[in-house]
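Secondary and tertiary structure notes
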Amino acid sequence: MKLLRRTAAAFLIAVFIAALFAGVLVPVPYAKQFRDSPNAMPSRIHLLGTDELGRDLFSRLLYGSRISLLLAPAASLLATIIAALVGGVAGYAGGWLERIALGGTDLAMSLPWLFLLLAARAVLPLNLSPAASLLITFALLGFFGWAASARVICAGARGLRDSDFVLQAKACGCSSRRVLLQQVLPNLRPALFAQFLISIPVFILTEANLGILGLGVSEPLPSWGGLLRGLENWSAVQANPARLAPLLLLLVVVSCFQLVLRQEDFAP
Amino acid sequence: MTRTTSLLSLCLSADYPDRPNVLRTLALEMYSGEILGLIGQSGSGKSTLALAILRLLHLHKGNQRGEIWFQGRNLMGVSEREMRSVRGRELGLVLQSPLSALNPALRIGTQLEEAWRAHVKGSDDAARKAILETLLSVSLPAERSFLRRYSSQLSVGQAQRVIIAMAILHRPSLLIADEPTSALDTITQSEILRLFAQLSRELRMGILYISHDLLSVAALCHRIAILHAGQILECAPPAQIFGAPQHVYTQKLVAALPRGALLDSDGDKVSSVVASHEVEESVKPSVESSIPDQIPSIVR
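As the structure is a computational prediction, the values presented were derived from the model and not from experiment.

Attention shifts here to the overall build of chain B. Check the secondary structure of chain B and you find 15 helices and ten strands. The 300 residues of chain B split such that 43% are buried. Pairs at least 24 residues apart make up 71% of the contacts formed inside chain B by residues separated by at least 6 positions.

Shown next, in the form of structure tokens:
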């Protein structure tokens, strides 16, 4: 089991590094169209072949990994910060503030988030620049993904609120704000870190969902979701099975995340 | 000990939502520099009183009424902001379980610094100097390496000393110790008792020493108050509590002490020894005290 976890961790690190250095590893820009060789088979020039527009699939996969693997943690960070604010304050303060905050998280969790994301994307103009679509997609993920984490953080903060050391700190004359920031928050750090890591694969998958529907990062920027859209063309996949590479990579990366993350590691 | 200046004079009632009348117009008076032992069985309202004096009972969802006259003002009448400047600076609290009273995620130094910064805005050097001095006064190593430790790296006795250091950092005039030794083994217990006697002597600090153990506080305290069902039944010097208890409950309490403990090695009643007790000499560091048969050596 230990070996498996290590292998998974090593694989994730390798993918991250490959994605980071995509510019060095692939000589071809992800948007360059080789007009005379669309739907090409894998070759020495195009490792995974090309798509119907003649764009190099390997290059698109690596650049797509960069976007998905860097922005999913960013979205996760945003969601965790919101969760820490809402859950931490609610759990620590207790009373009506906690009831309102928990009601809010219940509401947020019961919302059909996929439709909400669709609606939010639909409100935005269609001719959004690729960079803007990228930022908006992941900001939306962050803003909609905090509720479950907030509940966990809230429960943790509630337990700390009644602890002896909070009582001792108050008996020493520390203000509520300082007790929250200096005494409670350091104890929530392991839980926050766990929530941050657990959210990353969730956001990778959510982005893929949106991408398949064409509402994620817009062309010509590649992302895993956008690349999965290429699988709609089944005859092209049959002709070139290497086109399944994005799906395979997504599956393996998300599985590796699940292997590496173990709940007991985050126990404070 | 001069009994002229009153340090604390209170009359309190307290309730919890599920338990009414935990304190029933409890009246208590303490003098400057006095060590008052508050004895009561569990559920008698000891800890409730400790929190109520600091006006922190709301943290346990409790509700308190009455008056707390402390150094010339009624604490029940002051604002929360003013109360916060009293907590830790003029009123110190030591809790029962030292390991849970220390924050597991913070270094000892950070926690002491937090307690210091709650009342003093000053340089890091001033804070460190005050902290190291206080560590020395509770017989802890005044070293950087010690301040970098976490509570899990301390023994229970050390942890309790750190809590005491936190509580006396600002030299409060009243220290409330809520069963500070009940989580400790007998040797550590006698060391901590000795520390309290020493602090009271050196800092002229009043100590409200809360315990369920009549014997362990007999030698330390100038007076002992017996708390039962939210009221003080009797408050008298140890000699009278042991020698001529007035209230029926106190008589039962004294009678319930182990027989051996009441007899000196000569067969005299402990009360005669206690009558001439001196706090300065009272709590001797005695290794024998770990042997149950010789509990009276603490009393001596």
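Having seen the structure, we can now continue with the description.
Here we take up helix α7 (residues 147-161) of chain A. All names here are of chain A. Here α7 is 15 residues long and its end C-alpha atoms lie 21 Å apart, about the 21 Å a rise of 1.5 Å per residue gives. Considered for burial, the residues of α7 that qualify are Ala-147, Ser-149, Ala-150, Arg-151, Ile-153, Cys-154, Gly-156, Ala-157 and Leu-160. Elements in contact with the buried residues of α7: α3 (57-93), α4 (95-110), α8 (164-171) and α9 (176-212).

Residues B:Ile163, B:Leu208 and B:Tyr209 are the most contacted members of the largest nonpolar core, which totals 131 residues. In terms of residue count, α3(A) provides more of this core than any other element does, 15 residues in total. Residues within four places of B:Ile163 in sequence aside, it is in contact with A:Gln168, B:Val94, B:Leu95, B:Pro98, B:Ala101 and B:Leu102.

Attention now moves to the sheet that holds strand β1 (residues 6-16) of chain B. Residues and elements named next belong to chain B. Strand order in the open sheet formed by four strands is β2-β1-β4-β5, and the pairing between neighbours is antiparallel. Two strands lie at the open edges of the sheet, namely β2 (19-31) and β5 (73-74), each paired on one side alone. Here strand β4 (residues 63-70) pairs with β5 via two bridges, running antiparallel. Paired with Phe-70 across the bridge in β5 is Arg-73. On the sheet, helix α1 (residues 46-53) packs against β1, β2 and β4 and is oriented at approximately 65 degrees with respect to β2.

This next bit is on the environment of B:His170. Residues and elements named next belong to chain B. Topologically, His-170 is positioned in the loop between α7 (156-168) and β7 (174-178). C-alpha separation for the pair His-170 and Trp-116, spaced 54 residues apart in sequence, amounts to 7.4 Å. Filtering out sequence-adjacent residues up to four positions away, His-170 remains in contact with Gly-88, Arg-89 and His-119.

Moving on: unusual backbone geometry. All names here are of chain B. Of note, Gln-71 is a non-glycine position whose phi angle comes to about 50 degrees, a positive value. For Gln-71, a count of 15 C-beta atoms within 10 Å translates into the label partly exposed. Phi is positive for Arg-171, which is not a glycine, with a value near 50 degrees. Judged by the 16 C-beta atoms lying within 10 Å of it, Arg-171 is partly exposed.

Interfaces are often sized by the accessible area lost when the parts come together. At the junction of the two partners, chain B supplies 23 residues and chain A supplies 17 residues. Going through the elements one at a time, α2 (80-86), α3 (98-101), α4 (108-117) and α7 of chain B are the ones with two or more residues in the side of chain B that touches chain A. Classifying every residue of the side of chain B that touches chain A by side-chain character gives 13 nonpolar, six polar and four charged.

Quick look at the pairing of β1(B) now. Residue and element names in this part refer to chain B. Bridge count between β1 and β2: eight bridges; the pairing is antiparallel. When the bridges of β2 are listed, Cys-11 appears paired with Ala-27. Taking the residues between adjacent antiparallel strands as the criterion, β1 and β2 are bridged by two residues. Pairing geometry for β1 and β4, over eight bridges, is antiparallel. The partner of Cys-11 across the bridge, within β4, is Glu-67.

Attention shifts here to the sheet that holds β7(B). Strands in a sheet are paired, the pairing made by backbone hydrogen bonds, and the direction either parallel or antiparallel. Residues and elements named next belong to chain B. Taken together, six strands build an open sheet; the order of strands is β6-β7-β8-β3-β9-β10 and the sheet is mixed. Either end of the sheet is taken by a strand with one partner, and the two such strands are β6 (91-94) and β10 (231-236). Strand-to-strand twist across the sheet, computed as the mean angle between neighbouring axes with direction ignored, equals 20 degrees. Examined bridge by bridge, strand β3 (residues 35-39) and strand β8 (residues 206-211) share five bridges and lie parallel to one another. Looking across to β8, one finds that Leu-36 is bridged to Leu-208.

What follows covers the packing of α3(A) against helix α12 (residues 245-260) of chain A. Residues and elements named next belong to chain A. Running from N to C, α3 and α12 point in directions that differ by 35 degrees, and their axes come no closer than 10 Å. Crossing geometry of α3 relative to α12 is assigned as right-handed. Only Ala-245, Pro-246 and Leu-249 of α12 make contact with α3, whose side of the interface consists of Leu-61, Gly-64 and Ser-65. Grouping the amino acids of the contact of α3 with α12 by side-chain chemistry returns four nonpolar, two polar and no charged.

With that settled, the discussion passes to the confidence of the model for chain B. All names here are of chain B. Averaged over all residues, the pLDDT of chain B equals 84, while 85% of them reach at least 70. Considering only residues more than four positions removed or in separate chains, one finds that residues 263-300, a stretch of pLDDT under 50, has 67 contacts. Among the prediction metrics, the complex's ipTM stands at 0.82, with pTM recorded as 0.77.

Our next topic: the environment of B:Leu36. All names here are of chain B. The residue Leu-36 is located in strand β3 in this model. It is 6.0 Å that separates the C-alpha atoms of Leu-36 and His-222, two residues lying 186 residues apart in sequence. Contact partners of Leu-36, with chain neighbours within four places excluded, come to Met-30, Leu-208, Tyr-209, Cys-221, His-222, Arg-223 and Ala-225.

This next bit is on helix α5 (residues 124-137) of chain B. Residues and elements named next belong to chain B. Between its first and last C-alpha, α5 extends 20 Å over 14 residues, near the 20 Å set by a 1.5 Å rise per residue. For α5, the set of buried residues is Ile-131, Thr-134 and Leu-135. End-on, the buried residues of α5 take up no more than an arc of 105 degrees, which puts them together on one face. Exposed side chains of α5 directed beyond 90 degrees from the buried face belong to Asp-125, Ala-126, Lys-129, Glu-133 and Leu-136. Of the surrounding elements, those touching the buried residues of α5 are α4 and α7. Trailing α5 by a residue or two, Ser-139 shows a phi angle of about 60 degrees, which is positive.

Parameters at a glance
- Residues numbered from 1 in each chain as written.
- Chains lettered and ligands numbered in written order.
- Predicted model: local features only at pLDDT ≥ 70, side-chain atom pairs only at ≥ 80, totals over all residues.
- Helix = DSSP H or I, 4+ residues; strand = E, 2+ residues; numbered from the N terminus.
- Buried ≥ 20, exposed ≤ 12 C-beta atoms within 10 Å, placed from the backbone.
- Contact = placed C-beta atoms within 7 Å.
- Expected span 1.5 Å × (residues − 1).
- Core = buried A, V, L, I, M, F, W, Y, C linked by C-beta atoms within 7 Å.
- Pairing = 2+ DSSP bridges.
- Axes fitted to C-alpha atoms, helices over the stretch in contact; angles between N-to-C directions.
- Nonpolar A, V, L, I, M, F, W, Y, C, P; charged D, E, K, R; others polar.
- Left-handed = near helix turned anticlockwise from the far one by under 90°.
- pLDDT = per-residue confidence, 0-100.
- Arc of directions from axis to C-beta.

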